[in-house]
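# What the coordinates show
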Amino acid sequence: MQCKYTNHLGHGCQFPIDRDEIVQWDGELWCPFHLPLECKKDWSGDEIAAFNRRVIGVVLRPPQSWTREVNLDGVVVPGDIRFDGEFGEVSFISAQFSGDVIFHHAQFSRDANFNDAQFSGNVFFPDAQFSRGADFSDAQFSRGANFADAQFSDFAVFDKARFRKHAFFSGVKFSGSAHFRNAQFSDIAYFRNAQFSRSAGFEDAQFSGATDFSTTANGDRNRTVQQIDFRRCHFHGNANFANREFQSSTDFSDTTFEGLATFHGCHLHQDTNFDGTVFKDTSSPGAARAYRTLRLTMEQHRARLEEGRFYALEQKALRHKSDIPRTYKLFSRLYEITSDYGRSALRPLACLATTTAAAALIYMHVLIPFLTVNDGGIPPGDVLVATLGKCVDFSTTQVVRPFSAWSRFGMDGLASLTTHHAPLVIVRVLALIQSLVSAALIGLFVLAVRWRFRRG
Ligand SMILES: [Zn+2]
C-alpha cells in the first residue's frame, strides 16, 4: 500500500510510513503528511497539534545531518505552525499551510525551497536568516506575508509569487540577488529601508496597492540600490522611491504608473531608462512637486527629452491646483494643444495648416454676401470657385508675409471680386489676428526643433 502523492517530477511519496498509518480517503490511500486538507478539516485540535509537532520534528534535526535535504514536498499542514531554531537544507515544494506559519528568528543554514508553496494564513519570517539560496517562486500568500528584517545572504527568488494581502519586506537585507519577476502584489508592497546589495529584478511585476521602496536613512547603507529592473511593471497605486541612491542602471522602461511616482531626495544613475514609461497621475496633491523633482534630475543629467517630458507632466499637474490663476491654466492648455509644451514640432505645423484653412473659409464666409450675383440672386459657380481660390491665396499670404493685408495693395485680390460695399476692414482685422497666430505657431515650431537638437 502506497501513498497516492506524486510530486512535480512524477516521483512518489518520500515518507517511509507504516502500513497502519495509511489512510483511505475518497477512494485513495494517503500518508498522514500528504493527506488532503479536506480530510484533515475534521481533525480535532489535539490531532492537529500532534501532527504539526511531527512535522516540526522532521525539520529540526541535529547539525550533523544538515547536508541532507529535509524533504517536506507536498506536505499538508492543518492549523497554525511555528518553527523556531536553526535548520539545514529544507524543501517545502508545493507544501500547503492552512493556518498561520511562523518562522520567527529561524535560521536556514542551507538552501530553503518553498517553490509553489501555498500559505492560506498569515506568514511570518521576521528576522529570519537565509544563509543560502531561498526560493519562493510561484508561492501563494493568501494572507499577509511578513519578511520584515529578514536576511537573505544568497539569492532570493520570488518569481511569480502571489501576495494577495500586504507584503512586508521592510528592513530586509538582500545580500545576494533578489528576483521578483512577474510577482503580483495585490495589496501594499512595503520595501521601506530594504537593502539591495546586488541586482534586483522586478520585471513584469504587478503592484496593485501602494508601493514603498523609500528609505529615510540618508547616508545609510540601506539607501543605496545596485542594478534594479522594473521593466514592464504596473503600479496601480502610489509608488514611493524617496531618498534612494541608485548606483547602477535603473530600468523603468514600458512601466506604467497609475498613481504618483515620487523620487524626492533620490540620486538617479545616468543609466536610468524611462523609455515608454507611462505616468498617468497628474491630479493628485503633490503631483507637480513629484514631476518637478524628476525634471530637475533630468536637467542635471542634461537629458533634454526626459526633462521636457517631466516639464509637461509638471505643467499638467499645476493645472489641477486650485491656487493657480485661470489665465495661467488657459495659456498652459494652449501651450499643450499647440506644441505639447515644446515637445512636438509637428503640432505647431498641424495647427498652422488648420488655422490657415479655417481663416480662408472665414474670409469666404464674410465676403459671399458681397459677391456679384446672377439672375437667380446667387453668385455664379465660377465666381464662387474663384473667390475660394483668392481666399486661400490671401490666407496663405498672411502666413508667409505677415500683416501684408495692411499694405497698400494687400486687399486688391479680394476687392476685385466683390462689390464696393464689402467689409474689407473686417477682413483686414481678421487677417491681422491670423498673422499674429501664425507667427506664434511658427515660433513654437522653431523652439521645438531647437529644444530637441540643442547641445549643452
Ligand atoms: Zn505521502
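Our subject is the structure that appears above.
Report follows, based on the coordinates. These numbers come from a predicted model, not from an experiment. (Residues numbered from 1 in each chain as written. Predicted model: local features only at pLDDT ≥ 70, side-chain atom pairs only at ≥ 80, totals over all residues.)

## Focus on the overall build of the chain
Scanning the chain from terminus to terminus reveals 9 helices and 39 strands. The C-alpha radius of gyration computed for the chain amounts to 35 Å, which surpasses the reference 23 Å derived for 456 residues by more than 25%, pointing to a less compact arrangement than a globule. Relative to all contacts within the chain whose residues are 6 or more apart in sequence, the contacts with residues 24 or more apart total 37%. (Helix = DSSP H or I, 4+ residues; strand = E, 2+ residues; numbered from the N terminus. Rg over C-alpha atoms; globule rule 2.2 N^0.38 Å. Contact = placed C-beta atoms within 7 Å.)

## Observations regarding unusual backbone geometry
Backbone geometry at Asn182 places phi at a positive 60 degrees, although glycine is not the residue there. Residue placement: Asn182 occurs in the loop between strand 23 (178-179) and strand 24 (184-185). In this structure, Asp340 takes a positive phi of about 50 degrees despite not being glycine. Along the chain, Asp340 turns up in the loop between helix 5 (326-339) and helix 6 (346-367).

## Points about the sheet that holds strand 39 (residues 278-279)
Neighbouring strands of a sheet are bound in pairs by backbone hydrogen bonds; such pairs are parallel or else antiparallel. The parallel open sheet is built from 10 strands, whose spatial order is 4-8-12-16-20-24-28-32-36-39. Here the strands that pair on one side only, and so sit at the sheet edges, are strand 4 (76-77) and strand 39. Across 2 bridges, strand 28 (residues 206-207) lies against strand 32 (residues 234-235) in parallel orientation. Residue Gln206 lies in a different strand from strand 32, and its bridge partner there is His234. (Pairing = 2+ DSSP bridges.)

## Thoughts on helix 7 (residues 381-400)
Relative to the 28 Å expected for 20 residues at 1.5 Å per residue, helix 7 spans 29 Å between its end C-alpha atoms, a close match to the ideal helical length. Among the residues of helix 7, Thr387, Lys390, Cys391, Phe394, Ser395, Gln398 and Val399 are the ones counted as buried. On the buried face of helix 7, the contacting elements are helix 6, helix 8 (412-415) and helix 9 (424-453). (Expected span 1.5 Å × (residues − 1). Buried ≥ 20, exposed ≤ 12 C-beta atoms within 10 Å, placed from the backbone.)

## Comments concerning the sheet that holds strand 38 (residues 272-273)
In spatial order, the strands read 3-7-11-15-19-23-27-31-35-38; together these 10 strands make up an open sheet with parallel pairing. Both edges of this open sheet fall to strand 3 (70-71) and strand 38, since each of them pairs with a single strand only. Alignment of strand 3 against strand 7 (residues 90-91), held across 2 bridges, turns out to be parallel. Within strand 7, the residue paired with Asn71 across the bridge is Ser91.

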